[in-house]
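These are the residues of each chain, in order.
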Amino acid sequence: MYEGDNTQEESNASLPDDGYRLANYAEEKGLQVPLLLDYGVDYEYNTKSVRMPYYLPDGTIQCTRYRGANKRFWWKTKGTYSGKPTLYGLWRLEEYDDKFINLVEGESDTHSLWHMDLPGVGLPGASMWDDDKFAKYLERFKTIYVWQEQDQGGTTLVNSLKDSSLKDKIRIVNAHHLDTEGDGFKDINELWQAAPSLYQPYAAGPKEFALEQVGTALYNSVPIVDIVAEENNQELQEAWELCGDLARKPDIMRELLNVMNRYYLVGEDQNASIVF
């Protein structure tokens with residue numbers, strides 16, 4: 001913990017009954033209160049909510065996200081409830097070697113990675129990637145595994161990274177195909193929560209099972225540059241299907257003039273030739 005953190009013990013009997021406690025968050029996400037406290041997550045009495053500070057690499061708080069009852073969220077920075085958050089988990093980057101880093105959406109997915117002792121940072125929202133501000137923190141890693149959630153937000157995140165300065169290092173991962181008995185895992189936290197009921201007898205335990213599944217997902221990840229190339233090829237194929245017949249004509253200009261004449265666009269042959 002960093003100096004100045006005001007960690008509240010969840011067992012304190014004075015906690016209000018109508019608040020959203022740290023134990024509520026831990027139970028909802030399948031996480032452990034002692035570890036959450038180690039991450040700087042705590043309960044704030046005056047807002048009756050769970051407080052999640054966004055520390056910068058030097059340990060100072062850039063902003064704080066609050067999670068209240070009924071899935072309410074809000075931000076606080078410099079004394080006001082607003083702000084433009086950075087990546088979650090920056091203060092832990094110095095703990096990791098340069099081999100790889102996981103980028104996920106949100107704090108609970110980040111906490112799930114940390115529960116598995118995996119390196120990771122969280123993007124506060126799928127549409128909040130800012131290459132100018134965030135890329136500098138991740139550029140030293142050889143591989144950046146981006147976990148894509150199976151919704152519009154996941155698509156938005158991947159699209160925002162296609163032109164990133166980090167694109168040659170980015171590989172897209174998803175946990176959806178790992179759930180062979182259900183509808184697929186939405187994200188890394190769903191995988192983490194499901195591990196206790198899914199791990200096989202031969203596995204040492206749910207954590208080891210979750211790590212095995214994560215390893216499979218990382219192995220099956222796809223470079224984002226390959227995704228972009230495939231999309232470009234698909235666009236070219238679709239365009240060719242639309243214009244292939246015309247492109248095969250020996251005199252495309254003559255075909256254009258014939259169409260213009262059919263629609264009585266007379267006297268525009270020279271302009272058409274210039275545009276063509």
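Residues numbered from 1 in each chain as written. Predicted model: local features only at pLDDT ≥ 70, side-chain atom pairs only at ≥ 80, totals over all residues. Heavy atoms only, no water.

Trainee: How do you make sense of the sheet that holds strand β7 (residues 143–147) when you look at a structure like this?
Mentor: In sheet architecture, strand pairing relies on hydrogen bonds along the backbone and comes in two forms, parallel and antiparallel. Spatially, the five strands line up as an open sheet ordered β6-β5-β7-β8-β9, and their pairing is mixed. Single-partner strands in this sheet number two, and they are β6 (120–123) and β9 (222–223). Inspection of the sheet shows strand β5 (residues 100–105) paired to β7 by four bridges, in the parallel sense. By the bridge assignment for β7, Asn-102 is matched with Tyr-145. With respect to the sheet, helix α7 (residues 206–219) is in contact with β5, β7 and β8 (170–173), its orientation differing from that of β7 by roughly 110 degrees. (Pairing = 2+ DSSP bridges. Helix = DSSP H or I, 4+ residues; strand = E, 2+ residues; numbered from the N terminus. Contact = heavy atoms within 4.5 Å. Axes fitted to C-alpha atoms, helices over the stretch in contact; angles between N-to-C directions.)

Trainee: What exactly am I supposed to notice about the pattern of salt bridges here?
Mentor: A complete count under the given rule lists eight salt bridges for this structure. A salt bridge links Arg-51 to Asp-42; the nearest nitrogen and oxygen atoms lie 2.9 Å apart. Of the charged contacts in the structure, one is a salt bridge between Glu-95 and Arg-92, with a shortest N-O distance of 2.9 Å. Owing to a relative accessible area of 48%, Glu-95 belongs among the partly exposed residues under this scheme. Three or more residues are tied together by salt bridges with common partners; here these are Glu-149, Lys-186 and Asp-187. (Salt bridge = Lys/Arg side-chain N within 4 Å of Asp/Glu carboxyl O. Buried < 20%, exposed > 50% of the residue type's maximum accessible area, 1.4 Å probe, protein only.)

Trainee: Hey, could you run me through the nonpolar core in this one?
Mentor: The tendency in soluble globular proteins is for nonpolar side chains to be buried as a group. Of all hydrophobic cores here, the largest spans 61 residues; its most connected members are Leu-87, Trp-129, Leu-138, Ile-144 and Trp-147. The residues touching Ile-144, leaving out its near neighbours within four places in the chain, are Ile-101, Leu-103, Leu-138, Leu-166, Lys-169, Ile-170 and Arg-171. (Core = buried A, V, L, I, M, F, W, Y, C linked by side-chain atoms within 4.5 Å.)

Trainee: Help me understand the side chain of Asn-189, please; the structure alone is not making it clear to me.
Mentor: You can see Asn-189 is positioned in helix α6 (residues 188–198). Relative accessible area serves as the criterion here: at 3%, Asn-189 is assigned to the buried category. In terms of polar contacts, Asn-189 uses its side chain to reach the side chain of Gln-193, at 2.6 Å. The residues contacting Asn-189, other than those within four sequence positions of it, are Lys-29, Leu-31, Ser-108, Asp-109 and Ser-112. (Polar contact = N/O pair within 3.5 Å; in protein donor to acceptor, adjacent residues only side chain to side chain.)

Trainee: Looking at this structure, how should I read the sheet that holds strand β4 (residues 73–76)?
Mentor: Strand order in this open sheet of four strands is β1-β2-β3-β4, and the pairing throughout is antiparallel. Looking along the sheet, the strands with just one partner apiece sit at the ends: β1 (42–44) and β4. Across the sheet, the mean angle from the axis of one strand to that of its neighbour is 35 degrees, orientation sign disregarded. Here β1 pairs with strand β2 (residues 49–55) via three bridges, running antiparallel. Bridge assignment links Tyr-43 to a residue of β2, and that residue is Val-50.

Trainee: Explanation requested: empty space enclosed by the protein in the structure shown.
Mentor: Once rolled over the atoms, a probe with the size of a water molecule shows which space is left empty. Using the criterion set out here, one finds one cavity of 30 Å³ or more in the structure. Each pocket or cavity is described by its volume, and for the largest cavity that value is around 40 Å³. Together, Val-104, Glu-105, Asp-109, Trp-147, Gln-148, Glu-149, Asn-174, Ala-175, Lys-186, Asp-187 and Ile-188 line the largest cavity. For the lining of the largest cavity, the per-class residue count stands at four nonpolar, two polar and five charged. (1 Å grid on protein atoms, 1.4 Å probe; cavity = no way out; pocket = protein on both sides within 12 Å on 5 of 7 lines; lining within 4 Å. Points joined across faces, edges and corners; volume = space filled by probe spheres on them. Nonpolar A, V, L, I, M, F, W, Y, C, P; charged D, E, K, R; others polar.)

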